[in-house]
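Coordinate inspection notes
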Amino acid sequence: MVAPAWICLLAPLAGALAITLLGRRISRRLAGLLSTGSVAVAFAAALLSFLAALGRDPDDREATSTAWTWLSAGDLEIGLSILVDPLSLVMMLVVTGVGALIVAYSIGYMHDDPEERRFFAYMALFVFSMLTLVLAGNFLILLVGWGLVGLASYLLIGFHHERTSAVAAAKKAFIMNAVGDAAFVLAFFLLIVETGTLDYAGVFGRADELSGTVATLVALGLLGGAVAKSAQIPLHTWLPDAMEGPTPVSALIHAATMVTAGVYLVARMHPLFEAAPSVQDLTAILGAVTLLFAGLVALVQTDIKRVIAYSTMSQIGYMFVAVGIGAYGNGMFHLMTHAFFKALLFLAAGIVIHALLGEQDMRQMGGLRRLLPRTWVFMLVGALALAGMPPLSGFFSKDAIIASSLAAGGGLGYFLFAAGLAGALLTGIYTFRLIFIVFGGEPSPSVRERLHTEHGEGPVSMTATVAVLGVLAVVGGAVQIAGIWHPFADFLDPIVALEREHLALVEPSVTEDWVTSALAVGLGLAGIGIAWRLYGAGRREVAAPRAVRHALEHKLYFDELYNGLFYWPASGIARAFRSLVEGPLIGGSVTGVSSGARGLGRGVGHAQTGYLRTYALAIAAGVAVLALVFVSVR
Amino acid sequence: MANFVVWVVWLAAGLACLGSGVAVVSFTNPFFSALALIANLGSLAVLYLLLAAEFVAAAQVLVYAGAVMVMFLFVIAYLGGQADAPWAGGPTWQRWAAVIAAGALLLEIVMVIGFKAGGRLSDEADITEAFGSPAQLGRLFLTDHLLAFEITSFVLLIAAIGGVILGAHSRRADQVKEVEALQRAQEAARV
Amino acid sequence: MRGPDVTWYLAVAGVLFATGSLGVLLRRSPLIVLLSLEIMLNGANLALIAFARQQGDAEGQIFALAVMAVAASEVVVGLGLIVALARRNVALDVDKLTTLRG
């Protein structure tokens, strides 16, 4: 179980290194194949590991493996260790499986880009980083993976570095993640002080002994990191901008894997979160608020990728709600199905964009149903899964979460329940708004101009991978049907053995499941209907009160707020420093030294008269004085 | 009796020494200055003999008076009229400052000898016959002061090389001049 | 020791040194300056030899021999310089040789 896990971790790294070192000596196609191959190898290894785990007793499915002791400072010993248990296995399979499909897709998508090799190296690097994060056996390795993932995200968002907007978006993503990382690391320091170790086993074992304040602070710090990485309110503004990256990047990083790292984190650290129930509640609340916010803002987006990005934000909100109330199994389940249908949506959108030579504005699209029939089917499948229509995967996972929030009870539970249902309605509206605008009606003049489908809708690499994802989106829900059979939740149960019998804190009853599903599906259908009414006949936009429309289009002014709070003061201070300190003091001191030396030299140079006799006189006089001094001092 | 002879010899040599020293500094003609220096060196050799430094006295005469001064005389003969330059010149303050400096040095030496040293200078060591002999000096050179010996020979080598370099005809410059002259002649012939 | 005491020799040495330094500082011809330099060196040599006799230690004589060798080397280089100057028709006047002016 452990050896394949190491192979899984290191294969993408080997791929990235190979592409980097071979550079121009390999063809662009080969770089793509190398990258895909390495991720595929990782998937195979993850599969092996998974099968090995299945062959074991349910209680025996956890294994740690330490390569060597990395850091040893006083009593603190930290090793380069990985933890292979059901939770990490699930993540490994999702990351490498969906990752391999997406990297394969990119072979076709990035075909025309001259810097393809760099792209594939970065993608392999990203997969490696994400696996590091997921497989980490202690907090420090987790931090390493956390940071590397942020780096890979920065590199890939800013891939088209000639575009200032891309570079700015990359910086924004990195900086916001850095804010989260700071909170993260503070939590680590606190843990080191309070528990003396950074190993998962050690910390979780002592989670109950932490005082309330400490536990809350630690959990808050961890939540900060999770919120930044998963683009939840308040650290969410980077995700829409991150759509500057190529579409496969958006699919892999900002839909399927990296942004779900926050969810994984809360699930992994659940003993710490359970020791600080207020923070867990906060997690759920943030998830619900983000869910609603993102759903509302998605209603007015005009860029096809941005709609899907806000949808991601919203769905991760659902996952946060799940882990916030303790339904870890359901949260992870939704993570998996979401990876399938969100990647499907992004990649299908990528086919549309590719066919339209880079057009991303939905208002320029229309009538693609007959022109790109296969893509239309793929996107429809993805949209239905997203909206939670049975029997597609999204239905099972999303409704499980909403049902769990009903089961959690209490004021918070009901609020979350209502929010989840409202979210289902909004999801239906904005998803099908996209479908109807892009695929319905008549082809717009822009489409007629740009569409080129001489070689079919897209290269085989693109259509085949999307098809696979389509299938997964359909059948992916089969691993867990609420109330009837739940092998998925059972598999995840024994994470970090605790005295409880089941991992999930809440288990919805069958009635609750059915009621919830009925309501959710109903609202979803209602949403689809509303979208049909408003956009089905080819109408583009809807009249709405100007203020509301304005607020939503500006994403509730979060960007402006952060701009005013952080950017302007910081840049003002930086400018002040430059004119007051950098110029006169630092630059000035350096040039001051040089001009001082020169001036001194000029002054002393006056003594160089060139007359031999003056020099000799100086020597003689000097000797006389010195002799006098020596003689008198003795 | 012997003491008296020694005193007389000392006085003669000492006065010759001082006199020739002043002469070196004051003659206008460098040739006469050089001759005065030879006299100075000779009288110093006599004083060295009185101080039981036979080998050094011999070396002084052979090396200094014999080799170095001959070199000086060669150069003075070669330069001839060019070497005549009048006394002093330069800023007046320099002249006075020079005198004061030299005087200060002298004064200090006198003070050190007279006052600081106290009566200790009168204590003289007893010496053997071998004192100052080539054997003793040779042994000292090759054992205690071997480094100084080797370095001194190195310095002499460097001086010799320096002399050769400084004195060498700059053949390249001469050749260039010859070529230029030839070219000018050819041009003139063509025209 | 028969004859004058070390103090007298030292007096002679001192006067020689002072005379030599006067010559170095006041004469304009480089040749004479070199000669005066020799006077100074000889004065120092005399002092060394005198002290060697007084202490009964022959190391002073060793020192004096080394000084002589070095003085010889210095004369070689100095004369070489003067000859080179003369060959290039530069005036042999110490006050005119100011190329090293800073």
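Residues numbered from 1 in each chain as written. Chains lettered and ligands numbered in written order. Predicted model: local features only at pLDDT ≥ 70, side-chain atom pairs only at ≥ 80, totals over all residues.

1. With respect to the overall build of chain B
Helices and strands together make up the secondary structure of chain B, namely seven helices and zero strands. Shown N-terminal to C-terminal, the secondary structure of chain B runs as helices and strands in the order α-α-α-α-α-α-α. Each of the 191 residues in chain B was classed as buried or not, and the buried ones make up 26%. Put simply, of all contacts in chain B between residues at least 6 apart along the chain, 56% involve residues at least 24 apart. (Helix = DSSP H or I, 4+ residues; strand = E, 2+ residues; numbered from the N terminus. Buried ≥ 20, exposed ≤ 12 C-beta atoms within 10 Å, placed from the backbone. Contact = placed C-beta atoms within 7 Å.)

2. Structural notes on the overall build of chain C
Counting secondary structure elements, chain C contains three helices and zero strands. Along the chain direction, N to C, the helices and strands of chain C fall in the order α-α-α. Counting the 102 residues in chain C, one finds 57% classified as buried. Taking the intrachain contacts of chain C between residues at least 6 apart in sequence as the baseline, contacts between residues at least 24 apart amount to 47%.

3. Quick word on the packing of helix 3 (residues 86–109) of chain A against helix 15 (residues 328–355) of chain A
Residues and elements named next belong to chain A. Interhelical geometry of helix 3 versus helix 15 gives an angle of 5° and a closest axis separation of 11 Å. With respect to each other, helix 3 and helix 15 are oriented roughly parallel. Residues V90, V94, V98, I102, Y105 and Y109 of helix 3 touch helix 15, and the partners they reach there are M332, M336, A339, A343, L347, G350 and H354. Considered class by class, the residues forming the contact of helix 3 with helix 15 number eleven nonpolar, two polar and no charged. (Axes fitted to C-alpha atoms, helices over the stretch in contact; angles between N-to-C directions. Parallel < 35°, antiparallel > 145°, perpendicular 65-115°, else oblique. Nonpolar A, V, L, I, M, F, W, Y, C, P; charged D, E, K, R; others polar.)

4. Concerning the nonpolar core
Ranked by size, the top nonpolar core spans 213 residues in total, and within it F126, L131, A343, L344 and L347 of chain A carry the most contacts. Per-element tally for this core: the top contributor is helix 15 of chain A, with 18 residues. Those residues within four positions of L344 of chain A in sequence are excluded, and the remaining contacts are F378, V381, G382, V466, L469, G470 and A473 of chain A. In terms of nonpolar packing, the next biggest core, distinct from the first, is built from 79 residues, L35, A47, L65 and I82 of chain C among them. (Core = buried A, V, L, I, M, F, W, Y, C linked by C-beta atoms within 7 Å.)

5. A closer look at the interface of chain A and chain C
Taken residue by residue, the interface counts ten residues in chain A and eleven residues in chain C. Among the elements that take part in the side of chain A that touches chain C, helix 26 (residues 612–633) of chain A stands out by supplying five residues, more than any other. By residue class, the composition of the side of chain A that touches chain C is five nonpolar, four polar and one charged.

6. So, the interface of chain B and chain C
Contacts between chain B and chain C engage 77 residues on the former and 65 residues on the latter. Broken down by secondary-structure element, the contributors of at least two residues to the side of chain B that touches chain C are helix 1 (2–26), helix 2 (30–50), helix 3 (54–79), helix 4 (92–116), helix 5 (134–142) and helix 6 (146–167) of chain B. With twelve residues, helix 1 of chain B is the largest single contributor of residues to the side of chain B that touches chain C. Residue classes in the side of chain B that touches chain C are distributed as 58 nonpolar, 16 polar and three charged.

7. Notes on helix 15 of chain A
Taking 1.5 Å as the rise per residue, helix 15 of chain A with 28 residues should run 40 Å; its terminal C-alpha atoms sit 40 Å apart, in good agreement. Of all the bends in helix 15 of chain A, the greatest measures close to 25° and is centred on H338 of chain A. (Expected span 1.5 Å × (residues − 1). Bend = angle between axes of the 7 residues up to and from the residue.)

8. Focus: the environment of G37 of chain A
All names here are of chain A. Among the structural elements, G37 can be located in helix 2 (residues 28–54). By the C-beta count within 10 Å, which is 19 here, G37 ends up partly exposed. Placed 26 residues apart in sequence, G37 and A11 show a C-alpha to C-alpha distance of 9.0 Å.

9. Observations regarding the packing of helix 3 of chain A against helix 21 (residues 460–475) of chain A
Residues and elements named next belong to chain A. Direction vectors running N to C along helix 3 and helix 21 enclose 155°, while the axes themselves pass 7 Å from each other. Between helix 3 and helix 21, the interaxial angle falls into the category roughly antiparallel. Like other packed secondary-structure pairs, helix 3 and helix 21 cross with a definite hand, here left-handed. Contacts between helix 3 and helix 21 pair L101, A104, Y105, I107, G108 and Y109 from the former with S461, M462, T465, V466, V468 and L469 from the latter. Within the contact of helix 3 with helix 21, the residues separate by chemical class into nine nonpolar, three polar and no charged. (Left-handed = near helix turned anticlockwise from the far one by under 90°.)

10. Points about the confidence of the model for chain C
Model confidence for chain C is summarised by a mean pLDDT of 88, while 96% of its residues fall at 70 or above. For chain C, the element scoring lowest by mean pLDDT is helix 1 (residues 6–26) of chain C, at 91; helix 2 (residues 30–55) of chain C scores highest, at 93. (pLDDT = per-residue confidence, 0-100.)

11. Considering the pairing of strand 2 (residues 76–84) of chain A
Residues and elements named next belong to chain A. By the bridge criterion, eight bridges tie strand 1 (residues 63–73) to strand 2 in an arrangement that is antiparallel. Following the sheet pairing, S72 is matched in strand 2 by E77. Hairpin geometry of strand 1 and strand 2 is characterised by an intervening segment of two residues between the two adjacent antiparallel strands and by a positive phi of about 65° at G74. (Pairing = 2+ DSSP bridges.)

12. Side note on unusual backbone geometry
Residues and elements named next belong to chain A. I233 connects to P234 through a cis peptide bond whose omega is 5°. Backbone geometry places A231, a non-glycine residue, at a positive phi of 55°. Within the fold, A231 resides in the loop between helix 8 (212–229) and helix 9 (238–241).

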